[in-house]
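# Architecture at a glance
Spelled out, the chains give:
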Amino acid sequence: MVAHLLRLKLTLLRNSVRRSPWQLVGLGIGALYALGIVAVCVAGLFVLRGVEIELAQTVVVLGGATALLGWAVIPVAVSAADMTLDPARFTTFAVPMPQLLAGLALGGLIGIPGLATSLVALATVGTWSRSLPAAAGALVGAVLGVLSCIVLSKVVTTATAGLASSRRFKDISSVAFLIPLVLTGPIVAGIARGIAGSGDFLTGLARALSWTPAGAAFSLGGELAAGSYAAATVKFLIAAATLAGLALAWKVLLQRALVTPPYAGTSKRRTGGTGLFGLLPATPAAAVAARSLYYWLRDPRYAGALVVVPLLPVLFLFQGSQSGFYGPFQFVGPLTAFLLAWSISTDVSYDSTAFALHVATGVRGADDRLGRALACLSFALPVAVLFSVGPFFFTGDWDKLPAVLGLCLGVLFTGLGLASVISARYTVSVPLPGDSPFKKPPGNVAQTLAVQFGGMAVLLVLVAPEAALVAAQFITGSSVPGWIALGLGPVLGLTLFAVGVRTGGAWLDRRAPELLAQLAVNR
């Protein structure tokens, strides 16, 4: 039965490649990329054969623990679990549980991630080929480690199967996965600083991990090479117990999943209430604002833009702490105002064919523009003001606050007005409703870049008076230009905001059917 499951896996993979030539191309590119990484890792592991045992042990254990973590996190975070042999497909077949578990586990080795992990793990035998016991221990540890990676991945994906079938979970996990990517710089720099501050940082970390399920299997070869047979025995028991515990957990979860398949719906029934539509005034602009706020709250494409905003102070504060210069940190507020204001420049494009609702109901263009802008302004204004004031608690340059705050308000109001015009005139290529916020859709890339960068250039020109006053204060040291900027920013910004809403509204009244036709073509 196990062999039959493996043949089934190979047959399904072969048929999927035959059905789509592009999938074969993608598989080839992925295989070449993985082969390059495997070649580098294998060469490095063989080089470690000639270094000190402690250094080789540190690299192997940390690498193995990282691989185990990756197999647990990545399939869920990016919805990349291999479901070629989906357990739910065996619900009506009387496959004995031991054979099903063994077949699914070994089937996990068939594929680029499984083969790459196996090859790199087996290369640790070359690292510890200093003696026969060490090589044998490395081989046993590689087998235990790879199987633990596969089974842990199955445990996590089986446990979250109910959540993974939910669109909300996929949206949240894909957006949340962006956070560590944005913070990669500070994280890496923090680790490097810790290493520089203590030469034994990684060695101590590896030594601690080797006594845990994360690194015990990958430390067997090093312990036997060092002659620590008692420690190797204990760590072998830890690794074996880890694999047995994971297998037992997977068995329990799989038995439950086979009789209670995941349900993507919800048991809650919504009754009564009009939500934001009942809280806001009964006007066309307020109705559009309520609809837009629901988009901001529930559409992951909007959340993908928002998730970066609270990370900006962290990034700029980290940069200032590293260089000792906090000048850029003081301008987090204006930068946030620009990002939030410019986010509605693609509002109509994000609507896709749902924009037909605005066309069919005959909403005035000015009401449409005002409602979308007010929805963004409802949270962008307090956030931008907070981010403008907050940095000065760290720097203490309170005399510069009026200038920065005036620039922030000018950028926010002016940006919302200009974005109201841009989105009424042009459509750009954006992810379709229901798609991942990071999916790159096909479309006119040249037009998209021209519209976005051209609009940003116009915005820089419109906020030039406020920017000039800020520069004047920073150059002369006088607080007078700063206070002028604080007065000019809101006044000029609100004026341009009103002009942008009226101009964008008039443009939308004339071009609404044409915009809808363009959106339908972009699907």
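Quick summary incoming for the structure in this document. Because the structure is predicted, anything quoted here is derived from the model rather than measured. (Residues numbered from 1 in each chain as written. Predicted model: local features only at pLDDT ≥ 70, side-chain atom pairs only at ≥ 80, totals over all residues. Heavy atoms only, no water.)

### Some points on the overall build of the chain
Basically, it comes down to this: Secondary structure elements are taken from DSSP: a helix is a run of H or I of four residues or more, a strand is a run of E of two residues or more, and numbering for both begins at the N terminus. Accessibility here uses a 1.4 Å probe with only protein chains present; expressed as a share of the type maximum, an area under 20% marks a residue as buried, one over 50% as exposed, and anything in between as partly exposed. The contact definition used throughout considers only heavy atoms, calling two residues in contact when any of these lie within 4.5 Å. Surface exposure here means Shrake-Rupley accessible area, sampled with a 1.4 Å probe, where a residue is shielded only by the protein chains that are shown.
Counting its regular elements, the chain contains 27 helices and zero strands. Evaluated residue by residue, the chain yields a buried proportion of 41% over its 523 residues. Excluding contacts between residues fewer than 6 apart, the proportion of contacts in the chain whose partners are at least 24 apart in sequence is 79%. For the chain, the exposed surface amounts to about 26100 Å²; the carbon and sulfur share of it is 72%.

### Looking at the pattern of salt bridges
Side chains that differ in sign of charge can pair as their charged atoms come close. Put simply, the test is: Whenever a carboxyl oxygen of Asp or Glu lies within 4 Å of a side-chain nitrogen of Lys or Arg, that contact is scored as a salt bridge.
Summed over the entire model, instances satisfying the criterion amount to seven salt bridges. As a salt-bridge pair, Arg369 and Asp368 come within 2.7 Å of each other at their nearest N and O atoms. Across the pair, Asp368 and Arg369 agree in class, each one buried. One salt-bridge network, held together by shared partners, links Asp347, Asp368, Arg369 and Arg372.

### Thoughts on a nonpolar patch on the surface
Formally: Exposure above 30% relative accessible area and the absence of a salt bridge qualify a residue for a patch, where like charges join within 9 Å and nonpolar side chains (Val, Leu, Ile, Met, Phe, Trp, Tyr) within 5 Å.
A surface patch of nonpolar side chains, amounting to about 270 Å² of accessible area, comprises Leu69, Val73 and Ile74. Note on placement: Leu69 falls in helix H3 (residues 53-77). Residue class for Leu69 comes out exposed when judged on its relative accessible area of 55%.

### Digging into the packing of aromatic side chains
How we decide: Geometry of aromatic contacts follows a simple scheme: Phe, Tyr and Trp rings, the Trp one being its six-membered ring, pair when their centres are within 6.5 Å, and the pair is stacked under 30 degrees between planes, edge-to-face over 60, tilted otherwise.
Per the counting criterion, the structure on display carries five aromatic pairs. Look at Phe329 and Phe394: their rings are 5.7 Å apart centre to centre, the planes differ by 70 degrees, and that puts the pair in the edge-to-face class. Note that Phe329 is positioned in the loop between helix H18 (312-323) and helix H19 (332-342) and Phe394 in helix H23 (residues 392-395), a separation of 65 residues in sequence. Phe394 sits in the exposed class, given a relative accessible area of 57%. With centroids separated by 6.2 Å and ring planes inclined at 35 degrees, the aromatic side chains of Phe392 and Trp398 adopt a geometry described as tilted. According to the relative accessible area criterion, Trp398 is partly exposed, its value standing at 38%. An aromatic cluster is built from Phe392, Phe393 and Trp398, whose rings are joined through pairwise contacts.

### Considerations on the side chain of Thr124
As a reminder, the rule being used: We call two N or O atoms a polar contact when they sit within 3.5 Å, provided that within protein one can donate a hydrogen and the other can accept it, with sequence-adjacent residues counted only if both atoms are side-chain atoms.
Here Thr124 shows up in helix H6 (residues 124-127). A polar side-chain atom of Thr124 sits 2.5 Å from the main-chain carbonyl oxygen of Ala121. Among all residues touching Thr124, those that are not within four sequence positions of it are Leu45, Val60, Ala138 and Ala142.

### Let's talk about the packing of helix H24 (residues 401-425) against helix H26 (residues 464-476)
The condition is simple: All axes here are fitted lines through C-alpha atoms, helices being fitted over the stretch that makes contact, and every angle between N-to-C directions spans 0 to 180 degrees. Angle categories are assigned with fixed cut-offs, so that under 35 degrees is roughly parallel, over 145 is roughly antiparallel, 65 to 115 is roughly perpendicular, and the rest are oblique. Left-handed describes a crossing in which the near helix is turned anticlockwise from the far one by less than a right angle; the clockwise case is right-handed. Each residue is assigned to one class: nonpolar for Ala, Val, Leu, Ile, Met, Phe, Trp, Tyr, Cys and Pro, charged for Asp, Glu, Lys and Arg, and polar for all the others, Gly among them.
Viewed as axis vectors pointing N to C, H24 and H26 meet at an angle of 165 degrees, and their least axial separation amounts to 9 Å. Between H24 and H26, the interaxial angle falls into the category roughly antiparallel. Here H24 runs over H26; the crossing is left-handed. Here Ala403, Gly406, Leu407 and Gly410 of H24 come into contact with H26, specifically with Glu466, Ala467, Val470 and Gln473. Classifying every residue of the contact of H24 with H26 gives four nonpolar, three polar and one charged.

### Points about the nonpolar core
Generally speaking, a soluble globular protein has its nonpolar side chains buried in company with each other. The criterion, for reference: Each nonpolar core is a collection of buried residues, namely Ala, Val, Leu, Ile, Met, Phe, Trp, Tyr and Cys, held together in the definition by side-chain atoms within 4.5 Å.
Grouped together as the largest cluster of nonpolar side chains are 38 residues, with contacts concentrated most on Ala337, Ile344, Cys376, Leu412, Leu416 and Phe497. Every element with two or more residues in this core is listed here: H19, helix H22 (365-389), H24, helix H25 (445-462) and helix H27 (480-521). Take this core: its biggest share by element is twelve residues, from H24. If near-sequence neighbours (up to four positions away) are discounted, Leu412 is found in contact with Ala337, Ala341, Leu377, Ala380 and Leu381.

### Side note on H26
How we decide: Working rule for helices: expected span equals 1.5 Å times residues minus one.
For H26, built from 13 residues, the straight-helix expectation of 18 Å at 1.5 Å per residue is met to within 8% by its first-to-last C-alpha distance of 18 Å. In the stretch just after H26, Gly477 is the one whose phi turns positive, near 85 degrees.

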